[in-house]
Amino acid sequence: MSNDSALNYTVAQGRATSFFPTFERKDELQHATHFCPGCGHGVVHKMLARAIDELAVQDRTILVGPVGCGVFTYHYFDVGNISAAHGRASAVASAVKRSRPEAIVLSYQGDGDLAAIGAAEILHSANRGESITVIFINNAVYSMTGGQSAPTTLLGQKSTTNPEGRNAIPDGYPLHVSELLATLEAPVYIERVGLGDNKQLMAAQRAIRRGLENQVRGLGFSFIEVLAPCPTIWKMNAVEAQHWVRDVMEKTFPLGVMRDKTKETEPRPAPASAPALDRIPGILGVAEADLPTGNAHVMEQGREVDLEVRIAGFGGQGVLLLGEMLAEAGLDAGLEVSWLPSYGPEMRSGTSNCHVRISNAVIDSPVVTSPGVLVAMNEPSLRKFDRAVRPGGWIIYNGEEFPADCVRDDIHVLALPFTQIANDLGDARAANMVMLGALLQISGVLPRESVSAALRRLIKHQRWVDLDEKAIAHGGSLAAARSQEE
Amino acid sequence: MRKQLMKGNEAIVKSAILSGCRAFYGYPITPASEIAETAALYMPKTGGIYVQAESEVAAINMLYGAAAAGVRAMTASSGPGISLMQEGVSYMAGAELPCVIADITRGGPGLGSINCEQGDYNQVVKGGGHGNYRTLVLAPYSVQEMADLTALAFTLAERYRNPVFLLADGFVGQMMEPVEFPEKAIEAETPRWAVTGTAATRSNLVTSLYLDADKLEAHARHLEAKYEMASRLETRSELWQTDDADIVLVGYGITGRILKAVCTEARAAGIKVGMLRPITLFPFPNDDFQRLAKRARAFAVVEMSNGQLLDDVRLALNGARPVEFFNRMGGNVPTHEEVLHFVRALAAQIAPASQPAEERLAHV
């Protein structure tokens, strides 16, 4: 004990303020914790409560508890308490801290909880540099469930699921969580401490306090691993278990500071204040000023419109944009519209297609299975959908020659080398707009002003607006010429 | 108010933020990813939190943390991701935490496909997680409903302190339609049970643990009472041309849209067909089924899954009327032509009994 005074350490007597005066867990046991004699949890609980007291953050503290022997944190700590699912405490704590940046958020987890089932959550919480403090109790076994192996079980250590002792083959090695997290850049403080003797206990108390202090200072992710005795599962008495931490566990899990960036780390700036509520619709682009000119070019009343279009081509040909432009123009004209795309990997390989409906009645199904107009930007797309075109309908096909075996006598066809035509106009990528122009001419339902309004709404660059306008106009005149021929 | 053209997935996020949601924790998956992308764009600009989690397991547990801290929070995923989230959904229901989860369904089981399917019905409506709990489930069938039901979902989530699902298929998520939003944004109040790191909330506790049998039973009965109340107050459905219908078609989501087209065409062919579209899948509109069963001769369920909705319709009708079934799976969406064909066959089956006796005799 002679070292104690040298370290300027005084043993706390009595109950920390951050502990409840009595524990409501069981009616008959209000004076005692549920921990076994000699258990490390009780010691760490006391250290944690002291640290909360010393830093005067009891009101601000939110403790996220684990599943395991530490599950009852909320029966002992008189702070805000949240009980998490097995292994998820650090994910829960991450969101609590982001929700309440002023709070001091602690995640308290054991080795099964943190190092096994919650390995992904702790790794990513650390890697994101969440401003939380994690207390990790490593006693090398699953205690709550009766002594099964943990990822931290020592080589040779027996457990109910390693009755002959852990072997490197096939069980692998004890997981060094502190060292693992210390490979990450974000954490500001990582230390492994033990409860193996009084000297270790004092270092543990300091580390736990530092972990909290770092958060009070707003520094970032702090992690304290505590090698803790479990006399019951280890089948030792309290003293033997404490010495086993120091004499055996520590050889596998060396104590020490693995990361300390607390000096050079600047406190994090406070989050930007939220915008005023009345600005939210504008930010989302749904305020009155953001809406389309809307019904500005409403067509004459009473005219029946029911345009069902299928547009298909290679990904990258602007199939979806063509459809969107059509729908946007329909909306501008005061009509009901729907646009339904193919989606997913199709967008990245091969074909793409979409369904567009424009109607003056409410649209029942947006799924177009028998289109009145098929815009086929390549041959595979033509062959996929040509039979579906309803009698009397149109196929607008991007190709010099319409394949002979696709010819039907009950539909109209406009087959032109639209890509080449667009290229001659200035850019082959405007082929979709030339075809849109042809479609608009053939269907004859949308006013030119609506198409122009849609174009300006969807295309941001003036160069493209100009080119697309030219393309749409040209497509329209090609279709008109074709109609005259007929 | 004027409308604008928007994807269903985008409408969800904008409606959520207007409804006071200020946190999105998620993980990308087709066909729900636009929801995460839209949230990533707008949450930070509106004072909210966006985190792309390491997994759906982490995402739902982050939602647990955000909700426990009193923030309106949501996530979105699709089949495989929803499977992973079921742990957290059970915990949130147990701990009575509100949240909104959008499931934009795709094909399953397993990796299935990214195509449009409705096979998540059971895991969402029946509760895919462990324990005695339910989730409230809303099933939008248009972009406007994606917006409107998202707003409703947040209201219900807080009213019942329970997770609320939006169950929409890939088509409803991916399609664009005109949509309008409320003109004003709502500011969510911090619930008084939340754990916010203040002296006033220091005694608050969020947990789903009740080790004592009597306490857990009391808790389960309390949850049951909430679900029973939701059944009385929150059930919604759309009845479409059902007043004189001999055949009532039943479908939700994009199927509901297709069934409307079927109704129109069937009626043009002289078959009296209507549609019952559940908007809440839990609570299920059992009373509507019983009421329509007094007039209709048969019901027909149309779904993009293996009879999952069918089970609930059978329970609702409790044998009152025969229930026929038409389904497509794997990403094949039923066309209105093939459903119409099915309806014609059904009409022919039930026709003789509905004809006056002399007409039947005339056939002989």
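For every chain, the first residue of the written sequence is number 1, and numbering continues from 1 onward in sequence order. Labels follow written order: the first chain is A, the first ligand is 1, and so on. Residue-level local features of this predicted model are given only where pLDDT is at least 70; pairs of side-chain atoms are given and counted only at 80 or more, and the full residue set underlies all totals for whole chains, interfaces and linings.

Looking at the overall build of chain A
A run of DSSP states H or I qualifies as a helix once it reaches four residues; a run of E qualifies as a strand once it reaches two. Both are numbered from the N-terminal end. Regarding its fold elements, chain A presents 18 helices and 15 strands. Throughout, the radius of gyration refers to the C-alpha atoms, and the reference size of a globule is 2.2 Å times the residue count to the power 0.38. For a compact globule of 486 residues, the expected C-alpha radius of gyration is about 23 Å, and chain A comes in at 35 Å, more than 25% above that figure. Taking the principal axes of its C-alpha atoms as reference, chain A extends roughly 110 × 55 × 45 Å. Residues with at least 20 other C-beta atoms within 10 Å of their own are called buried, those with 12 or fewer are called exposed, and the rest are partly exposed. The C-beta atoms themselves are positioned from the backbone. Sorting the 486 residues of chain A into buried and exposed places 50% on the buried side. Two residues qualify as being in contact provided that their C-beta atoms, derived from the backbone, are within 7 Å of each other. Partitioning the intrachain contacts of chain A with sequence separation of at least 6 by distance along the chain shows that 67% fall at a separation of at least 24.

Points about the overall build of chain B
Scanning chain B from N- to C-terminus turns up 13 helices and 15 strands. Over its C-alpha trace chain B gives a radius of gyration of 22 Å, about what one expects of a compact globule, namely 21 Å for 364 residues. For chain B, the residues scored as buried account for 60% of the 364 residues in total. Across chain B, every contact between residues at least 6 apart in sequence was considered, and the portion connecting residues at least 24 apart equals 79%.

Digging into the pairing of strand S3 (residues 49-52) of chain B
All names here are of chain B. Here strand S2 (residues 23-26) runs beside S3; their pairing, made up of four bridges, is parallel. By the bridge assignment for S3, Phe24 is matched with Tyr50. Handedness rule for crossovers: strands pointing away from the viewer, path from the first strand over the helix to the second running clockwise, crossover right-handed. Each parallel crossover has a hand, and for S2 linked through helix H2 (residues 33-42) to S3 it is right-handed. Strand pairing follows a simple DSSP-based rule, namely that at least 2 bridges must link the two strands.

Digging into the sheet that holds strand S4 (residues 133-138) of chain A
One open sheet accounts for eight strands, arranged S9(A)-S7(A)-S8(A)-S4(A)-S3(A)-S1(A)-S2(A)-S9(B); its pairing is mixed. One side of each edge strand has no neighbouring strand; the edge strands of this open sheet are strand S9 (256-260) of chain A together with strand S9 (205-206) of chain B. Note that strand S7 (residues 189-194) of chain A and strand S8 (residues 222-227) of chain A share six bridges and pair parallel. Residue pairing across strands places Ile190(A) opposite Phe223(A), the latter belonging to S8(A). Each of strand S1 (61-65), S4 and S8 of chain A is contacted by helix H2 (residues 40-54) of chain A, which is oriented at about 160° to S4(A), the strand it contacts most. Note on geometry: axes are C-alpha line fits, over the in-contact stretch for helices, and angles between N-to-C directions span 0 to 180 degrees.

Observations regarding the environment of Val164(B)
Residues and elements named next belong to chain B. Here Val164 is to be found in strand S7 (residues 163-169). In sequence terms Val164 and His130 are 34 residues apart; their C-alpha atoms lie 16 Å from each other. Sequence-distant contacts of Val164, defined by excluding residues within four places in its chain, comprise Val100, Thr135, Leu136, Leu138, Ala153, Leu156 and Ala157.

Description of helix H8 (residues 213-233) of chain B
Think of an α-helix as turning once every 3.6 residues; residues three or four places apart then point the same way. A helix is expected to span 1.5 Å multiplied by its residue count minus one. Here H8(B) contains 21 residues, and its C-alpha end-to-end distance of 30 Å stays within 8% of the 30 Å for a straight helix at 1.5 Å per residue. H8(B) sits mainly on the outside: two of its 21 residues count as buried.

Thoughts on the confidence of the model for chain A
Each residue carries a pLDDT value, the predictor's own confidence for that position, ranging from 0 to 100. Chain-level pLDDT for chain A is 93 on average; 94% of the residues reach the 70-or-more range. The low-confidence segment residues 1-5 of chain A, where pLDDT is below 50, has four contacts with residues more than four positions distant or belonging to other chains.

Re the domain arrangement of chain B
All names here are of chain B. Marked domain ranges trace back to an automatic or database domain assignment. Parsing chain B into structural domains produces domain 1 (4-233) and domain 2 (237-360). Each of domain 1 and domain 2 has a C-alpha centre, and these two points are 30 Å apart. Tallying the contact residues gives 24 residues for domain 1 and 22 residues for domain 2. Every element with two or more residues in the side of domain 1 that touches domain 2 is listed here: helix H5 (121-125), strand S6 (136-138), S7, helix H7 (170-174) and H8. A breakdown of the residues in the side of domain 1 that touches domain 2 according to their chemical character gives 13 nonpolar, eight polar and three charged. Under the scheme applied, nonpolar residues are Ala, Val, Leu, Ile, Met, Phe, Trp, Tyr, Cys and Pro; charged residues are Asp, Glu, Lys and Arg; polar residues are all the others, including Gly.

Quick notes on the domain arrangement of chain A
Along its sequence, chain A is carved into domain 1 (12-260) and domain 2 (285-485). Taking the mean C-alpha position of each, domain 1 of chain A and domain 2 of chain A sit 63 Å from one another.

Quick look at the interface of chain A and chain B
Between chain A and chain B, the residue contacts involve 58 residues of the former and 63 residues of the latter. When contributions to the side of chain A that touches chain B are tallied by element, the ones reaching two or more residues are S1, strand S2 (80-83), helix H4 (89-99), helix H6 (119-127), helix H12 (280-284), helix H13 (319-332) and strand S11 (336-341) of chain A. Considered class by class, the residues forming the side of chain A that touches chain B number 35 nonpolar, 12 polar and 11 charged. Sheet topology note: the S2(A)/S9(B) ladder contains two bridges and is parallel. Counted as the bridge partner of Ile82(A) is Val206(B) from S9(B).

Comments concerning the sheet that holds strand S13 (residues 280-282) of chain B
Residues and elements named next belong to chain B. With mixed pairing, the seven strands of this open sheet are ordered in space as S3-S2-S4-S5-S7-S6-S13. A strand with exactly one partner marks an edge of an open sheet, and here the two such strands are S3 and S13. On average, adjacent strands in this sheet sit at an angle of 20° to one another, irrespective of strand direction. Strands strand S5 (99-105), S6 and S7 of the sheet are contacted by helix H6 (residues 143-160), whose axis makes an angle of about 160° with S7.

Considerations on the pairing of strand S15 (residues 323-327) of chain B
Residues and elements named next belong to chain B. Side chains Glu324 and Phe326 of S15 all project onto a buried face; the interleaved residues Val323, Phe325 and Asn327 project onto a face where none is buried. In this structure, strand S14 (residues 298-303) lies alongside S15, joined through five bridges in parallel fashion. Counterpart to Phe299 in the pairing with S15 is Val323. Taken together, S14, helix H11 (residues 308-317) and S15 form a β-α-β motif whose crossover is right-handed.

What to know about the confidence of the model for chain B
Reading fine detail from the predicted coordinates is not recommended where pLDDT is low. All names here are of chain B. Taken as a whole, chain B shows an average pLDDT of 95; of its residues, 96% reach a score of 70 or greater. In the model, residues 357-364 has pLDDT below 50 throughout and makes two contacts with residues more than four positions away in sequence or in other chains. Interface confidence in the predicted complex, given as ipTM, is 0.95; pTM for the same model is 0.95.

Focus on the environment of Ala126(A)
Residues and elements named next belong to chain A. When you line up the elements, Ala126 lands in helix H6. Along the chain, Ala126 and Asn198 lie 72 residues apart, while their C-alpha atoms are 30 Å from each other. Leave out the neighbours within four places in its chain, and Ala126 touches Leu181, Leu184, Ala186, Pro187, Phe221 and Phe223.

Thoughts on unusual backbone geometry
Cis geometry marks the peptide bond from Ile169(A) to Pro170(A), where omega comes out at 15°. One can find Pro170(A) in helix H7 (residues 168-171). Between Gly108(B) and the following residue, Pro109(B), the backbone shows a cis peptide bond with an omega angle of 0°. Assignment of secondary structure puts Pro109(B) in the loop between S5 and H5. Although it is not a glycine, Asn318(B) adopts a positive phi angle of roughly 50°. Within the secondary structure, Asn318(B) sits in the loop between H11 and S15.

With respect to the environment of Gln86(B)
Residue and element names in this part refer to chain B. If you trace the backbone, Gln86 turns up in helix H4 (residues 79-95). With 19 C-beta atoms counted inside 10 Å, the residue Gln86 sits in the partly exposed group. With 201 residues separating them in the primary sequence, Gln86 and Asp287 have C-alpha atoms 29 Å apart. Dropping the residues within four chain positions of it, Gln86 is found in contact with Gln123, Gly128 and Gly129.

A few points about the packing of H4(A) against H6(A)
Residues and elements named next belong to chain A. The N-to-C vectors of H4 and H6 enclose an angle of 35°; their axes lie 7 Å apart at closest approach. Across from Ser90, Ala91 and Ser94 in H4, the residues of H6 making contact are Glu121, Ile122 and Ser125. Grouping the amino acids of the contact of H4 with H6 by side-chain chemistry returns two nonpolar, three polar and one charged.

Overview of H2(A)
All names here are of chain A. Between its terminal C-alpha atoms H2 stretches 21 Å, which fits the 21 Å expected from 15 residues at 1.5 Å a residue. Regarding H2, the residues found buried are Gly40, His41, Val44, His45, Met47, Leu48, Ala49, Ala51 and Ile52. Looking at the buried residues of H2, the elements they touch are S1, helix H3 (73-76), S4, helix H9 (198-216) and S8. Immediately downstream of H2, the backbone of Ala56 shows phi near 55°, a positive value.

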